Amino acid sequence: MIETIFDKGKAGRNATSFPSDAATSGTGLGIPAELLRGDQDGLDIPDVPEVEIVRHYVELSRKNYGIDNGIYPLGSCTMKYNPKVHESIASMPGFCQVHPLQALQSAASSQGILRVLHEMASILASLTGMSAFTLQPAAGAHGEFTGLLAVKRAMMQKGLEKEKNKIIVPDTSHGTNPASAAACNFEVIEIESDEYGLVDVEALKKALAPGDVAGIMLTNPNTLGLFEERILEITGLVHEAGGLCYYDGANLNGLCGLCRPGDMGFDVVHVNLHKTFATPHGGGGPGAGPVGAKEGLEEFLPGPRISMEHGEYGIAMPEGDWPGSIKAFHGNIGVILRAYCYVKALGVEGLRKSTRCAVLNANYLKAQLKGTMRVPYEKRCYHEFVGSDEGFPNGVTTDDIAKRMLDLGVHSPTIYFPLVVHGALMIEPTETESRSRLDGLLSVMKRIRAEAENDPATVKKAPVTTPVKRLDQVRAARSPVLTVSALRDMDEKRG
Amino acid sequence: MNIPDSLKYTKTHEWARIEGDVLVMGITDHAQHELTDIVYVDDFPDIGSRVQKGRTVAVIESVKAVAEVFAVVSGELLAINAALEDSPELLNKEPYDAWIAKIKISNLEEIEDLLSPDAYKKELTA
Ligand SMILES: Cc1ncc(COP(=O)(O)O)c(C=O)c1O
């Protein structure tokens, strides 16, 4: 039975003592009496001594697995280490206790954070080859939505929004790409990849031929970890057909500092700061997905943005009716600040080096996995690669392999994505990991392969060492139990 | 892999049975096997609306992936299998009984494009 912090509370266990008159009059705490809650019961806060609070949350954290525990090769998600110094900087009062609109009253009082935001926008612009950035979007998917709205607006400006209402995505694209396009009321055309796992240029030409395409969404290196070698031809064709090119920056860490999406012909990009720039993914957020655009499209980016005039930073509210704001104030500035720290600490040389190490690590794993797991696309990869469960004996599937990895103390890769690979295992070690950590992961994979041959039952019933054992995935999807009270109801019914 | 002789097939792993001018369609045994446990079937167009060959008539979600089911022919959507809403697992258990959609065929020539059981078998081993 799960014991929540509320279960652990009992009246009188609280270890905090207030001055005797504080609780009744409030004067002891300096709180004016009229601001105190009138009711005697107060808030429903569990009455727990400090030590039990600490134990409770430490216990919960031990049930978790994160990058601070060990290798986390979750492909496309880029689970690199998040330096702790970023946390201390982000908690400095000058950053975390300013009001987002303080500068409208007194510019001088928040120059520090405004400078960070302003500089970060131009750093991102120069790393990606764009001319301006909005820092508002809260994640990659949100950035896609924002960027595609800019594409839509560009078509509207030319009076072409009815005529050009389709977005092309390759069959290796992340699910958010077609979803964002659909959310912006575009029709999605999916094109098949060629035998090398790259955009099939002939299929692209066919898709462009009717002249109704507003743009293409691509990530490069693509989700198989392969560089789109014909990228200039691809973006050229799309431009010729009157479309725009959107760069999904989820894989920017595969080439950051080495080359730029802008130079490949992309017009609009998003950058997942929680991936390439080492900010926490923390329990699903917050993240940040700033969006950049080339000249001519800048005006379609949401605001406010940070201005700089006469040596002073200020806030430029969006003008006109499009697209206004896409999130409150300046976006998730705590995330942007951490990303800024990362860039400043590494410098361009450091960014380049981490990109190279990420690519080296992925290629090392890929080469060493030969004979253990099939890797269908043999070409040299960038920051990640995709293996397959094809050829695993005794009906052992990717699902089983991934769960067994948890038993053996490492996080699993991303599985069953991209769909073009049978039972995909998408492995991205990141530059964070040392050679010995990579070797540790390899020995786990080799052991699972041997178990699949000699003792498949062990693999198929995994995981057995984790706080939660193998789940009934169908029931979890069809009737999810998401709260403690629902869980208790279920237990009760079961008796 | 079960590929009944009495049915027609598509490269995208739908099966079809022709009953006069009505086409009954579903997904093949191979498709359900690849998808693994199916948890939802939804996103059907409205009954009575026109569907176009190759466009989506349903979206299937399994524990592993989300996949689209494509109309095998163009025509009017006559019915969808309501039983799938509560029991999507029928697609796993009895893929050839658990039909998904019935379409009134508007152009009988489109049927010529469907694969024979042998051709579909070849497609799977290719
Ligand atoms: C290739 C790709 N594109 C887009 C996204 C969406 O990004 P976010 O999770 O930040 O919304 C992801 C996330 O994993 C991704 O891998």
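Residues numbered from 1 in each chain as written. Chains lettered and ligands numbered in written order. Predicted model: local features only at pLDDT ≥ 70, side-chain atom pairs only at ≥ 80, totals over all residues. Heavy atoms only, no water.

Trainee: Any chance you could break down the site of the ligand for me, citing the residues and the numbers?
Mentor: Residues and elements named next belong to chain A. Close to the ligand lie Ser 76, Ala 139, Gly 140, Ala 141, Glu 144, His 174, Thr 176, Asp 248, Ala 250, Asn 272, His 274 and Lys 275, which account for all nearby residues. Side-chain polar atom of Ser 76 to an oxygen atom of the ligand: 2.5 Å apart, as the coordinates give it. The separation between an oxygen atom of the ligand and a polar side-chain atom of Lys 275 is 2.9 Å. Listing elements by their share of the shell around the ligand, those giving two or more residues are helix 8 (140–157) and helix 12 (273–276). Here the shell around the ligand takes 3 residues from helix 8, the largest share from any one element. Residues belonging to the shell around the ligand are distributed by class as follows: 3 nonpolar, 6 polar and 3 charged. (Near = heavy atom within 4 Å. Polar contact = N/O pair within 3.5 Å; in protein donor to acceptor, adjacent residues only side chain to side chain. Helix = DSSP H or I, 4+ residues; strand = E, 2+ residues; numbered from the N terminus. Nonpolar A, V, L, I, M, F, W, Y, C, P; charged D, E, K, R; others polar.)

Trainee: A description of the nonpolar core should follow, citing residues and the corresponding values.
Mentor: In terms of nonpolar packing, the biggest core is built from 59 residues, with Met 120, Leu 204, Leu 273 and Phe 277 of chain A touching the most fellow members. Formed jointly, this core draws a minimum of three residues from each of two domains, domain 1 (86–346) and domain 2 (350–476) of chain A. The contacts of Phe 277 of chain A, once residues within four sequence positions are left out, are Leu 124, Leu 127, Leu 252, Cys 256, Val 271, Asn 272, Ala 339, Tyr 342, Val 343 and Leu 351 of chain A. Formed by 26 residues, the second largest nonpolar core is a distinct cluster that contains Ala 31, Val 41, Leu 84 and Ile 111 of chain B. (Core = buried A, V, L, I, M, F, W, Y, C linked by side-chain atoms within 4.5 Å. Buried < 20%, exposed > 50% of the residue type's maximum accessible area, 1.4 Å probe, protein only. Domains from an automatic or database assignment. Contact = heavy atoms within 4.5 Å.)

Trainee: An account of the packing of helix 14 (residues 398–407) of chain A against helix 15 (residues 435–454) of chain A is needed here, citing residue identities and associated values.
Mentor: Residues and elements named next belong to chain A. Close contact between helix 14 and helix 15 brings their axes to 10 Å; oriented N to C, the two are set at 125 degrees. Classed by the angle they form, the pair helix 14 and helix 15 counts as oblique. Between helix 14 and helix 15 the crossing geometry is right-handed. Taken together, the residues of helix 15 that come into contact with helix 14 (itself represented by Ile 401, Arg 404 and Met 405) are Leu 441, Val 444, Met 445, Arg 447, Ile 448 and Glu 451. When the residues that make up the contact of helix 14 with helix 15 are grouped by side-chain class, the tally is 6 nonpolar, no polar and 3 charged. (Axes fitted to C-alpha atoms, helices over the stretch in contact; angles between N-to-C directions. Parallel < 35°, antiparallel > 145°, perpendicular 65-115°, else oblique. Left-handed = near helix turned anticlockwise from the far one by under 90°.)

Trainee: Mind laying out empty space enclosed by the protein, listing which residues take part and the relevant values?
Mentor: All names here are of chain A. Enumeration according to the criterion identifies 2 cavities of 30 Å³ or more in this entry. When its volume is computed, the largest cavity comes out at roughly 40 Å³. What lines the largest cavity is Lys 80, Asn 253, Cys 256, Thr 276, Tyr 342, Leu 351, Ser 354, Thr 355 and Glu 431. Counting residues per element, the lining of the largest cavity draws most heavily on helix 13 (residues 333–368), at 4 residues. Taken together, the residues that form the lining of the largest cavity break down as 3 nonpolar, 4 polar and 2 charged. No fewer than three residues from each of domain 1 (86–346) and domain 2 (350–476) sit in the lining of the largest cavity. Approximately 40 Å³ is the volume found for the second largest cavity. The residue inventory of the lining of the second largest cavity, partitioned by class, reads 5 nonpolar, no polar and 1 charged. (1 Å grid on protein atoms, 1.4 Å probe; cavity = no way out; pocket = protein on both sides within 12 Å on 5 of 7 lines; lining within 4 Å. Points joined across faces, edges and corners; volume = space filled by probe spheres on them.)

Trainee: Any chance you could break down the environment of Ile 415 of chain A for me, citing the residues and the numbers?
Mentor: Residue and element names in this part refer to chain A. Structurally, the position occupied by Ile 415 is in strand 11 (residues 414–415). Classification of Ile 415 by relative accessible area gives partly exposed; the value is 28%. Separated by 13 residues in sequence, Ile 415 and Ala 402 place their C-alpha atoms 7.6 Å apart. Every residue in contact with Ile 415, bar those within four places of it in the chain, is listed here: Thr 398, Asp 399, Ala 402, Ala 424 and Leu 425.

The values are spatial; any link to function lies outside them.
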